[in-house]
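Okay, here's what each chain looks like letter by letter:
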Amino acid sequence: MGLLILMGVFALCVVIGVPVAFALGVAALSAFAFEGLPLIIAFQRIVSGISVFSLMAIPFFIFAGELMFHGGIAQRLVRFASSAVGAVRGGLGIVNVFSSMLFGGISGSAVADISALGSILIPVMKEKGYDDDYAVNVTVTSSIAGVMIPPSHNMILYGVAAGGGISISQLFMAGVVPGVLMCICLAVTAYIIAVKRGYKAEVFPGFKVLFIHFIVALPGLFTAVIIVGGVLSGVFTVTESGAFGTLYAFVVTILVYRELTWAKFKLAVVNAVKTTSMVMILIACAACFAYMLTYFQVPSQMTAFMTSVSDDPVAIMLMINGMLLTLGMIMDMAALILICTPIFLPVAQSIGIDPLQFGMIMLMNLGIGLCTPPVGSCLFVGCAVGNVPMEKAVRTIWPFYAAIFVALMLTSFVPAISLTLPNLIAG
């Protein structure tokens, strides 16, 4: 009955429009009250949920992404990507994908990717004769690169939800190959659709222009080198790398590109504070909710249920993927990471899945949810930026879903895709 109250109150709050963070808190407190547990324990779980040192990196990553969004780095990355691959048939679609890969590896946010690159590329693609639904679909689906390619604050959330025993730097490395693989699948799909629809290729500007655009974009690209390279080299912790990356982005956008005005800086600060506050409240309430899930032995019950259905690791992995995909369509990504990790990670480990690999599987599944109705935030933002009705975009987005699904299946059943790079770095 306590578990029924926990899940029922949460579902009711979500249905009536209560923000997910507060729905988690209300549901957990209701279960605490029903079980007669001291409410001081709930307060302790809420406080302990955000009393994790590695979480300090999240506001730095968010702020760095805002600075780069408003400071002109995105435009220079787009010019570099356009010079490199724009001459391919339907080149602007491929430019869109690889721009997302470059910017996602710096900002670490799918929504920031769409906001920054979508506002630049979607109007240009329309002017060049690309259909508006194609432009939006490429932008929306490629934005998941911000979730997979480091640095990603979602990886930090996963590491915290997994109990803190997973190295964040290894998580960063585990996301590189799956993220690049997913972008390659999307680029191939974008090319095939562009050929089928008869889109034209851009003119190759020459290696001299390509080199100039690379040099101009290099200071922005170096932000990711500082953040990821500093962690891997042992010079910085994850939190320190986020702080130095933010400081570097601030210097580049003011002194090098000179596009970060005082008004843009204030906007970046306000947006970063809002996003950070939302994430931290969500983490705190989810910690209390997860405590009650453990109290009701949901992880062990889920493991027993899945193994009773089938003892085949492939079948169990497909069930986990199906559940994560379904949940990703109806709930926010950050909340699902914090809720589902304690439930599904023990199941995955019981069939021999490494926590690093499972983290990439979870992030890619929930990333697809960002692009699907009814609550896909990336889909909403992309349609708003491109001024395209969501119904029109969804009708033609299926090939891009299929491309991500191919990458997901490879990541799920080929452990080397996620584990080779972390193992090489770790020796």
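Taking an unreviewed UniProt entry as the reference, the protein is identified by name as TRAP transporter large permease protein belonging to Leucothrix arctica. Turning to the protein, the UniProt annotation filed under Subunit (unreviewed entry) states: "The complex comprises the extracytoplasmic solute receptor protein and the two transmembrane proteins." Reading the Function (unreviewed entry) entry of the UniProt record for the protein gives the comment "Part of the tripartite ATP-independent periplasmic (TRAP) transport system."

Participant: Summarise the nonpolar core; cite the residues concerned and give the values.
Facilitator: Ranked by internal contacts, the top residues of the largest apolar core, which has 127 residues, are Leu24, Ile58, Tyr134, Ile156, Ile320, Phe344 and Phe358. Not counting residues up to four positions away in its chain, the partners in contact with Tyr134 are Gly90, Gly93, Met125, Ala190, Ile193, Ala194, Arg197, Tyr199 and Phe400. Counting 18 residues, the second largest nonpolar core, distinct from the first, contains Leu77, Leu210, Val252 and Tyr257.

Participant: Kindly report on the state of the cysteines, identifying the contributing residues and their values.
Facilitator: This model, assessed by the stated rule, comprises zero disulfides. Cys185 forms no disulfide, and the closest cysteine sulfur to it belongs to Cys183, at a distance of 9.3 Å. By relative accessible area, which is 16% here, Cys185 ends up buried. The structure places no disulfide on Cys383, whose sulfur is separated from the nearest cysteine sulfur, that of Cys371, by 10 Å.

Participant: Got a sec to walk through the packing of helix α5 (residues 73–85) against helix α12 (residues 207–233)? Specific residues and values, please.
Facilitator: The N-to-C vectors of α5 and α12 enclose an angle of 145 degrees; their axes lie 8 Å apart at closest approach. Viewed along their axes, α5 and α12 form a crossing whose handedness is left-handed. Across the interface between the two elements, Ile73, Arg76, Leu77, Arg79, Phe80, Ser83 and Ala84 of α5 pack against Val209, Leu210, His213, Phe214, Val216, Ala217, Gly220 and Leu221 of α12. A class-by-class count of the residues in the contact of α5 with α12 yields ten nonpolar, three polar and two charged.

Participant: Pulling in residues and values, what's your account of the packing of aromatic side chains?
Facilitator: For the coordinates displayed, the defined rule picks out 13 aromatic pairs. Among the aromatic residues, those joined into a ring-pair cluster are Phe63, Phe250, Trp262 and Phe265. Cation over ring: Arg76 sits above Tyr257, and NZ or CZ is 4.0 Å from the ring centre.

Participant: Quick rundown of the environment of Phe405? Include the residues and the values.
Facilitator: Within the fold, Phe405 resides in helix α21 (residues 398–413). Relative accessible area serves as the criterion here: at 39%, Phe405 is assigned to the partly exposed category. Residues Phe405 and Met364, spaced 41 residues apart in sequence, show a C-alpha to C-alpha distance of 8.8 Å.

Participant: Just give me the short version of the environment of Phe43, but keep the residues and values in it.
Facilitator: Along the chain, the position of Phe43 falls in helix α3 (residues 39–50). Residues Phe43 and Ala284 lie 241 residues apart in sequence; the distance between their C-alpha atoms is 9.5 Å.

Participant: Explain a nonpolar patch on the surface residue by residue, including any values.
Facilitator: A contiguous nonpolar surface patch, about 530 Å² in accessible area, is contributed by Val88, Val180, Ile184, Val188, Tyr191, Ile192 and Val195. Tracing the backbone shows Val180 in helix α11 (residues 168–197).

Participant: Any details on helix α15 (residues 298–309)? Residues and values, ideally.
Facilitator: At 3.6 residues per turn, the α-helix brings residues three or four places apart onto the same side. With twelve residues, α15 ought to run about 16 Å at 1.5 Å a step, and its terminal C-alpha atoms sit 16 Å apart, in line with that. Turning to α15, its buried residues are Val298, Pro299, Met302, Thr303 and Met306. For α15, the arc enclosing every buried residue in end-on projection is 140 degrees, short of the 170-degree limit, so these residues lie on one face.

Participant: Can you lay out unusual backbone geometry for me, pointing to particular residues and giving the numbers?
Facilitator: The backbone of Arg258 sits at a positive phi, close to 55 degrees, despite the residue not being glycine. You can see Arg258 is positioned in the loop between α13 (238–256) and α14 (262–295). A relative accessible area of 68% places Arg258 in the exposed class. Here the phi dihedral of Asn387 falls at roughly 55 degrees; this positive angle occurs in a residue that is not glycine. Tracing the backbone shows Asn387 in the loop between α19 (377–386) and α20 (390–395). By relative accessible area, which is 66% here, Asn387 ends up exposed.

Participant: I'd like a rundown of the pattern of salt bridges, residues and numbers included.
Facilitator: Under the defined criterion, the tally for this structure stands at four salt bridges. Of the charged contacts in the structure, one is a salt bridge between Arg197 and Asp131, with a shortest N-O distance of 3.0 Å. Taken as a pair, Arg197 in helix α11 and Asp131 in the loop between α7 (110–127) and α8 (132–142) lie far apart in primary sequence, 66 residues in all. Notably, a salt bridge pairs Arg197 with Asp133, separated by 3.3 Å at the nearest N-O pair. With Arg197 in helix α11 and Asp133 in helix α8, this residue pair connects regions lying 64 residues apart in the sequence. One connected set of salt bridges, linked through shared partners, spans Asp131, Asp133 and Arg197.

Participant: Residues and numbers for the packing of α15 against helix α17 (residues 333–350), please.
Facilitator: Between two packed helices, what matters for the description is the angle formed by their axes and the separation of those axes. At a minimum axis distance of 8 Å, the contact between α15 and α17 shows a crossing angle of 45 degrees. In terms of orientation, α15 and α17 fall into the oblique class. Where α15 crosses over α17, the handedness of that crossing is right-handed. Residues Val298, Pro299, Met302, Thr303 and Met306 of α15 lie in contact with α17, whose contacting residues are Pro342, Ile343, Phe344, Pro346, Val347 and Ser350. In terms of residue class, the contact of α15 with α17 is built from nine nonpolar, two polar and no charged.

Cut-offs and rules
- Residues numbered from 1 in each chain as written.
- Predicted model: local features only at pLDDT ≥ 70, side-chain atom pairs only at ≥ 80, totals over all residues.
- Heavy atoms only, no water.
- UniProt positions renumbered as here; feature names shortened; annotations may be inferred.
- Core = buried A, V, L, I, M, F, W, Y, C linked by side-chain atoms within 4.5 Å.
- Buried < 20%, exposed > 50% of the residue type's maximum accessible area, 1.4 Å probe, protein only.
- Contact = heavy atoms within 4.5 Å.
- Disulfide = S-S within 2.5 Å.
- Axes fitted to C-alpha atoms, helices over the stretch in contact; angles between N-to-C directions.
- Helix = DSSP H or I, 4+ residues; strand = E, 2+ residues; numbered from the N terminus.
- Left-handed = near helix turned anticlockwise from the far one by under 90°.
- Nonpolar A, V, L, I, M, F, W, Y, C, P; charged D, E, K, R; others polar.
- Phe/Tyr/Trp six-rings, centres within 6.5 Å; stacked < 30°, edge-to-face > 60°.
- Lys NZ or Arg CZ within 6 Å of the ring centre and 35° of its normal.
- Patch = residues over 30% accessible without salt bridge, like charges linked within 9 Å, V, L, I, M, F, W, Y side chains within 5 Å.
- Areas by Shrake-Rupley, 256 points an atom, 1.4 Å probe, with all protein chains shown as cover.
- Salt bridge = Lys/Arg side-chain N within 4 Å of Asp/Glu carboxyl O.
- Expected span 1.5 Å × (residues − 1).
- Arc of directions from axis to C-beta.
- Parallel < 35°, antiparallel > 145°, perpendicular 65-115°, else oblique.

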